[in-house]
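So the chains spell out like this:
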Amino acid sequence: MVAELATRPQNIETLQNAGVMSLLRPLLLDVVPTIQQTAALALGRLANYNGDLAEAVVKGDILPQLVYSLAEQNRFYKKAAAFVLRAVGKHSPQLAQAIVDCGALDTLVICLEDFDPGVKEAAAWALGYIARHNAELSQAVVDAGAVPLLVLCIQEPEIALKRIAASALSDISKHSPELAQTVVDVGAIAHLAQMILNPDSKLKRQVLSALSQIAKHSVDLAEMVVEAEIFPVVLTCLKDKDDYVKKNASTLIREIAKHTPELSQLIVNTGGVAAVTDCIGSCKGNIRLPGIMMLGYVAAHSENLAMAVIVSKAVPQLSVCLSEEPEDHIKAAAAWALGQIGRHTPEHARAVAVTNTLPVLLSLYMSTESSEDLQTKSKKAIKSILQKCTYLPALEPFLYDAPPNILKHVVGQFSKVLPHDSKARRLFVTSGGLKKVQEIKAGPGSLLQEYINSINSCYPEEIVSKFFPGVQVFVSFMTA
Amino acid sequence: MGILFQCRDAVDVFRKKEYDAAVKIQSWFRGCRIRAYLRYLHRVATVIQKCWRGYLGRQHYQLIVKLEFCTMKMNLYNAMAVRIQKRWRGYRIRKYCFNYFYLKEYLKAVSETNDAIREALEEFAEMKEREEKKADLEREEKKRDYQARKMHYLLSTKQIPGIYNSPFRKDPDPWELRLQKAKPLISQRPKVKQKRGVNISNRLACTSARSLPQSEILPPIDRKQCQGPFRDITEVLEQRYKPLEPTLWMAEPINELKMAREELRKQEWMRNINDNMFLPFSSYHKNKKYIPLMHSSSKYGPNSYGSQHFRDENPKKWICDKDFQTVLPSFDLFSKYGKLYSKAGQII
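What you see is a predicted model, and the numbers here were worked out from it, not measured in a lab.

A. Broad picture of the environment of alanine 353 of chain A. All names here are of chain A. Among the structural elements, alanine 353 can be located in helix α25 (residues 346-354). When its relative accessible area of 2% is taken as the criterion, alanine 353 is described as buried. Spatially, the C-alpha atom of alanine 353 lies 7.7 Å from that of cysteine 389, the residues being 36 residues apart in sequence. Beyond its immediate sequence surroundings of up to four residues, alanine 353 is in contact with Leu358, Cys389, Tyr391 and Ala394.

B. Spotlight on the interface of chain A and chain B. Counting residues at the interface gives 21 residues for chain A and 18 residues for chain B. For the pairing of chain A and chain B, the buried interface totals around 1,800 Å² over both sides, and the portion due to carbon and sulfur atoms is 61%. By the criterion of area lost to chain B, the three top residues of chain A are Lys239, Lys241 and Val311 of chain A, representing 27% of everything that side buries. Summed over the shared surface of chain A and chain B, the result is 3 salt bridges. For the salt bridge of arginine 118 of chain B with aspartate 278 of chain A, the shortest nitrogen-to-oxygen distance reads 3.1 Å. There are 5 residue pairs in polar contact (both at pLDDT 80 or more) connecting chain A and chain B. Those elements that provide at least two residues to the side of chain A that touches chain B are α17 (233-237), α19 (261-269), α20 (272-282) and α22 (303-311) of chain A. Looking at the side of chain A that touches chain B residue by residue, the classes come out as 7 nonpolar, 9 polar and 5 charged.

C. View of the nonpolar core. Among the nonpolar cores identified, the biggest contains 177 residues, and Leu192, Ile230 and Ile256 of chain A are the most heavily contacted of them. Ignoring sequence-local partners within four residues, the contact set of isoleucine 230 of chain A consists of Ala193, Ile196, Leu211, Val225, Leu252 and Ile256 of chain A. Within the second largest apolar cluster, 5 residues are counted, among which are Ala148, Tyr164, Leu179 and Ala182 of chain B.

D. Just the side chain of glutamate 396 of chain A, in detail. Assignment of secondary structure puts glutamate 396 of chain A in helix α28 (residues 392-401). Apart from the residues lying within four places of it in its own chain, the contact partners of glutamate 396 of chain A are Phe414, Leu427, Phe428 and Ser431 of chain A.

E. Expanded view of a negative patch on the surface. The grouping of Glu105, Glu112, Asp115, Glu119, Glu123, Glu126 and Glu129 of chain B at the surface amounts to a negative patch. Note on placement: glutamate 112 of chain B falls in helix α2 (residues 100-150).

F. Seen up close, the pattern of salt bridges. Residues and elements named next belong to chain A. Overall, the coordinates contain 21 salt bridges over all chains when judged by the stated rule. With a closest N to O distance of 3.2 Å, aspartate 171 and arginine 132 form a salt bridge. Residue aspartate 171 is found in helix α12 (residues 159-173), and its partner arginine 132 is found in the loop between α9 (117-131) and α10 (135-143); the two are separated by 39 residues along the sequence. Judged by its relative accessible area of 6%, aspartate 171 is buried. The class of arginine 132 is partly exposed, set by a relative accessible area of 36%. Several salt bridges converge on common partners, so that one network encompasses Lys284, Arg288, Glu324 and Glu325.

G. Quick peek at the packing of aromatic side chains. All names here are of chain B. All chains considered together, the criterion is met by 7 aromatic pairs over all chains. Residues tryptophan 88 and tyrosine 91 carry aromatic rings whose centres are separated by 5.7 Å and whose planes lie at 40° to one another, so their mutual orientation is tilted. Separated by 3 residues within a single helix, tryptophan 88 and tyrosine 91 lie in helix α1 (residues 2-97), roughly one turn from each other. On the basis of relative accessibility, which here comes to 45%, the residue tryptophan 88 falls in the partly exposed class. Its end group placed over the ring of tryptophan 175, arginine 178 keeps NZ or CZ at 5.6 Å from the ring centre.

H. Representation of the packing of helix α15 (residues 201-215) of chain A against helix α18 (residues 243-257) of chain A in the model. Residue and element names in this part refer to chain A. Following both chains from N to C, one finds α15 and α18 inclined at 20°, their axes separated by 8 Å at the closest point. Taken together, the axis directions place α15 and α18 in an arrangement best described as roughly parallel. Pair α15 / α18 crosses with left-handed handedness. Side by side, α15 and α18 meet where Ser201, Lys204, Arg205, Leu208, Ser209, Leu211, Ser212 and Ala215 of the first sit next to Tyr244, Val245, Asn248, Ala249, Thr251, Leu252, Glu255 and Ile256 of the second. Per-class residue counts for the contact of α15 with α18 are 8 nonpolar, 5 polar and 3 charged.

So, how was this worked out
- Each chain has its residues counted from 1, following the order in which its sequence is written.
- Here every chain gets a letter starting at A, and every ligand a number starting at 1, in the order they are written.
- Predicted model: local features are reported for residues with pLDDT of at least 70 only, side-chain atom pairs are reported and counted for 80 or more only, and whole-chain, interface and lining totals are derived from all residues.
- The basis for every side-chain value is the complete set of non-hydrogen atoms in the structure, without hydrogens or water.
- In this text, helices come from DSSP runs of H or I with a minimum length of four residues, and strands from runs of E with a minimum of two, each type numbered from the N-terminal end.
- Three exposure classes are used, based on accessible area relative to the maximum for each residue type with a 1.4 Å probe and protein chains only: buried under 20%, partly exposed in between, and exposed over 50%.
- Between two residues, a contact is recorded if the distance between any of their heavy atoms is within 4.5 Å.
- Accessible area that two parts lose when put together, evaluated with a 1.4 Å probe and summed over both, is termed the buried area.
- Salt bridge, as used here: a side-chain nitrogen of Lys or Arg that lies within 4 Å of a carboxyl oxygen of Asp or Glu.
- Think of a polar contact as two N or O atoms within 3.5 Å of one another; within protein, one of them needs to be a possible hydrogen donor and the other a possible acceptor, and neighboring residues in sequence only count if both atoms come from side chains.
- Each residue receives one of three labels: charged for Asp, Glu, Lys and Arg, nonpolar for Ala, Val, Leu, Ile, Met, Phe, Trp, Tyr, Cys and Pro, and polar for the others, Gly being one of them.
- Only buried residues count toward a nonpolar core. Its members are Ala, Val, Leu, Ile, Met, Phe, Trp, Tyr and Cys residues joined through side-chain atoms within 4.5 Å.
- Patch membership needs two things, relative accessible area over 30% and no salt bridge, and members are linked within 9 Å if like-charged or within 5 Å if nonpolar (Val, Leu, Ile, Met, Phe, Trp, Tyr).
- The accessible surface values rely on the Shrake-Rupley method and a 1.4 Å probe; as for residues, cover is taken only from the protein chains in view.
- Here the positive residues are Lys and Arg and the negative ones are Asp and Glu; neither His nor the chain ends is included.
- Here the site of a charge means NZ on Lys, CZ on Arg, CG on Asp, or CD on Glu.
- Each pair of aromatic rings taken from Phe, Tyr and Trp, with Trp reduced to its six-membered ring, is defined by centres within 6.5 Å and is described as stacked if the planes are under 30 degrees apart, edge-to-face if over 60, and tilted in the remaining cases.
- Remark: a charge is flagged as sitting over a ring if the NZ atom of Lys or the CZ atom of Arg is within 6 Å of the ring centre and within 35 degrees of the ring normal.
- All axes here are fitted lines through C-alpha atoms, helices being fitted over the stretch that makes contact, and every angle between N-to-C directions spans 0 to 180 degrees.
- When describing relative orientation, an angle under 35 degrees is termed roughly parallel and one over 145 degrees roughly antiparallel, while 65 to 115 degrees is termed roughly perpendicular and anything else oblique.
- Each crossing is labelled by how the near helix is turned from the far one, with a counterclockwise turn of less than a right angle marking it left-handed and a clockwise turn marking it right-handed.

Any link to function would need more than the numbers given here.
Dropping the structure here:
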């Protein structure tokens, strides 16, 4: 019997279902402890493999038995039973709810107080998986008093236990501000902040993710995270070899930056923007996304911060992202970030326009392959930048290819700049812009027509009339 | 008659001529006079007009000068006011709304911080890389050492050259040198897997000091077997776990006497009805602080009247001049107070 069970865990994939459950169940009540342990282990592996098998475990009424014996048995059994609970709980919220309903949470919390680190790890893992699904389950886990014990687990020397406890805390605090507040009240932030310096990269991933889940809910929580003196240590995590550490670190910085201008200012003052820009440059794909969003959030708060972002050489990097990335949602994020940077004053718009991103944005807007989201974002970005842009060499290409709704903004900008600048007027004529403007057909009395009229009024009548039949311009006129 | 008429005519001609001449002369003269008068009048009118025009012109001129002066003053004031306003506006904006230079400084500081952070992060990344490389190299070394230890038998002997020391090579392969340095690896004895599920409830309760302790099996000590004949294990354990047999002196504790006293005291205390100590005075326990008479506890020392002497200090108030005498003899009981009945050990 024992031998038969001992071989079963090896060939899970070739196993059948229902028969096994009914066989395993009485074995759980066996006298010999090794049989119980191996039976529990087998159940766990079955449940881990497939959601339906997990459901069968629940339906077979095995859970109450497991929970009951969890309280009494030795640590190998506890580990195996916690493994079963975790495997069942990870597939769906209903299964997790079933686990909670049979009172497993209290026993798991008791396991968290056990001496053996393996048992603690298994219990913490099970609690983490249960709390992951939704806020009610997390609340149930918190009500069972798991959070202080998890914080104690974090302080243990074993790295695996720290990882699991950190990931459990992260899963608990991600659902709502109250849960995050509960986690903070136990003093988790200080320990998590210390562990950022740990060299193990998987641990860093979990810790950074936990901190970002805490910080994302409200300004107070973000401020508490910042008070734990994570800057500038977090910036070293942006240089880590592991991609997910970089991603989680930039997520954390993004969550902090998005709340208020003061927090963004803090990040800028510690050099965070430069670090994030370098991090964006060094990775590809989805890893870049939080970093791009962070730049957008910082620039969105105020024009001084946007200027600081420009000074940190972020704009060329963003335009590279915009053109290189294959995925639409990353491009949309880059377009949004550029829009936020360029929309404040003509200086900012000029900084964006100089890098030749506007044609790229236009092409993204016009292309039929871009998703809805990308199109709306690039359109907004173009509009907001154009309304402030006075850098004419960048505006000129727009006269030729832009659709009418963007064209009117372009022409509007020209009409604002040209009356005052004679050199620009000359350039405008020589580059053929004036000719193009004449060719635009606008409804009489519309805004576009007004703009065209104001442009025409900058030039003497003869030149304007020369364009109507579409004749080439004579430069001598302007140079005389 | 004709000559008369001729004379008359000639006179008439002359008369006409003379008359005309006279008229001419008179008219011319009158003309001159009138002209002179007119000239005079013109001159006078010119003088009047000149003066009047001069007066008017001067007035006008003064007005112009005044206006010019006012304008000049106003321009000066405006220019000065502009200067003041320029400074004030610049100061106000910089202090309360927006300081351009501060912004510039801030941006410069931000870019400097960025550069510093970039450098620091580069260094950090480099350091990490170096550490990793070092760790990798060490791991490689360890692996190679381990392999060399496992393959120590491939070392070349005097008779037979090993595979790494081929006679056709000039120097031996570096593996040869490694093999020479490596200590041969002894295969480990297979560790006995202890089933930790042994029930602890099998343990006997140790009541007597003579029984052997039934603790869990200790893990085997991982070294070679010691060589040599050994005593019988039961004898050894008996010896090892022999109970203590102390001498009589050691059997009793050192503060035996004190403890016996304590014991006695405890037994007596057991029999006490009342735990309070027997107090000397009835109100001893009342803990009342003794308040002396103000009369006797004055600042300048107790009044000696009433204790040292019973007579007034002022001799004028005395009734008689003589001293007081003791009427009654002193009490004999207290004559020996402080003195023992024997002379030996007398209080001096």
